[in-house]
Structure formats: structure tokens, C-alpha cells
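# Descriptive structure summary
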Amino acid sequence: MSTPLQDFDKKQAIRLEANFIVGIDEAGRGPLAGPVVACACFIPPSMVPNFEEVNDSKQLTEKKREKLYRQLCGGGIAYGIGFASAAEIDRLNILQATFLAMRRAAYKFSNLPDSVALIDGPYPAAGLAMRQEPVVDGDAKSLAIAAASIIAKVTRDHYMNILDKLYPGYGFAGHKGYGTAKHLQALRTLGPCREHRRSFAPVSKLLNHPVLP
């Protein structure tokens, strides 16, 4: 028996007259540090029954996300990853940097004929070189988007674990760059590092008005 997420993608393929449905989602729009990471994911119809446990990454435990991430990346599906750095976020703004990450993730699918990208959220991804359809709450509706949400989230978490070793003291492995009390205290004590988003208010306020620990 198919799941609602699997059925959604089938219905969208019929409605949009598409042979290939590519789901695109991102992780990391809200944090004060680190990149925004996007994933574009295509699951061949023959592989769809293998992923009935796939769901919106926000609804899964870390352990479950890791398990599904390994399963998804273990073979049989096609996916691309795109990063937009903290510096690019500061230069472009977070929305445009998210679109940049999505374009980078979807590049490998740009010549896929009769394909449609389902984009999580209310906005089409500016400059995407393929037909697209925004889907509000798409990670809770579409199997392809939910799979992309898991891969994007876990990829970014792994990257933040690396940054934790490169920039000790901020606690990146724990909060993944989000503005927790511990992170804000580390910012006040250490100041921003190269991975902090200087255009985000909690960081920019510290740059303009240094606070002593």
C-alpha cells in the first residue's frame, strides 16, 4: 500500500504531465552561522516502495534521520547537493542565497527531459533551469521533497560538526548554528568567526556594539 507522500508525487506527475518529479528542499535558513544547504532528489518509481518511512525531516528524530539518510544515499536514487556560504548569505540575503543553493543542487537535473521540480515553500526558485512548482509544506506532502529535506538536513548537520572542530568554543555540533542561549553567550565572549552571518541581527548587533563577557 502506498503512502500519502508517494501518492502526492504520482498525482503531481499526472497533473503536470511530467515523467520525472524532482523534490527540492533546504536546511539552515534560520541559523546565525554556517551555510544554507539544498538538496534536489529524484526517486525512480521502482525504488519508491523502499522509502515508506520517509517523512518531513522536522518530524523525525536525529537517529531516524541518520538511518534514512544512509538508506537514501546508499544507491538507487539520484540527488544533488548545493551550498550557499555565510558570506554569500550576507551578500545576497538569505532568500536569494537559498535559491542559489537550490540551483546548485538541481544542476545535475537541468537537462532531464519532461521533468518538474517540486519546491518546498511558497516561492519558485529564481533562476532554476527546469520547470518548477512551489508546494507549501511540501516536505509533509511529497516523498521527493521529504527525501530532499532529510538529505539536506543531515548533510548540513555533518558540516556543522566539522565546523565545531575548526572553530571550537561556539558549540556548533550541538546547536548547529541556531541562536541558542549558549551560542549567543559564545558570540559575546569570542566574537563572530568566519562562518557567522554578519547580516543577521544578533551577529550584527555584536559587531556594532561589542559586549564584554
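We now turn to the structure provided with this report. (Residues numbered from 1 in each chain as written. Predicted model: local features only at pLDDT ≥ 70, side-chain atom pairs only at ≥ 80, totals over all residues. Heavy atoms only, no water.)

### Points about the pairing of strand β4 (residues 115-120)
Extensive coverage of β4 is indicated by the burial of six of its six residues. Burial of β4 is two-sided: the residues Ser115, Ala117 and Ile119 facing one way and the residues Val116, Leu118 and Asp120 facing the other way are all buried. Relative to β4, strand β1 (residues 20-27) is paired through five bridges, and the arrangement is parallel. When the bridges of β4 are listed, Val22 appears paired with Ala117. Alignment of β4 against strand β5 (residues 132-135), held across four bridges, turns out to be parallel. (Buried < 20%, exposed > 50% of the residue type's maximum accessible area, 1.4 Å probe, protein only. Helix = DSSP H or I, 4+ residues; strand = E, 2+ residues; numbered from the N terminus. Pairing = 2+ DSSP bridges.)

### As for the pattern of salt bridges
On inspection of all chains with the given rule, the structure shows six salt bridges. We note a salt bridge from Arg15 to Glu133, for which the minimum N-O separation is 2.8 Å. Taken together, the positions of Arg15 in helix α1 (residues 4-15) and Glu133 in strand β5 put the pair 118 residues apart, joining distant regions of the chain. Owing to a relative accessible area of 22%, Glu133 belongs among the partly exposed residues under this scheme. Between Glu88 and Arg104 there is a salt bridge, and its shortest N-O distance comes to 2.9 Å. Of this pair, Glu88 sits in helix α3 (residues 86-92) while Arg104 sits in helix α4 (residues 94-106), and the two are 16 residues apart along the sequence. For Glu88, a relative accessible area of 15% translates into the label buried. Here the residues in one salt-bridge network are Asp56, Lys58 and Asp139, joined through shared partners. (Salt bridge = Lys/Arg side-chain N within 4 Å of Asp/Glu carboxyl O.)

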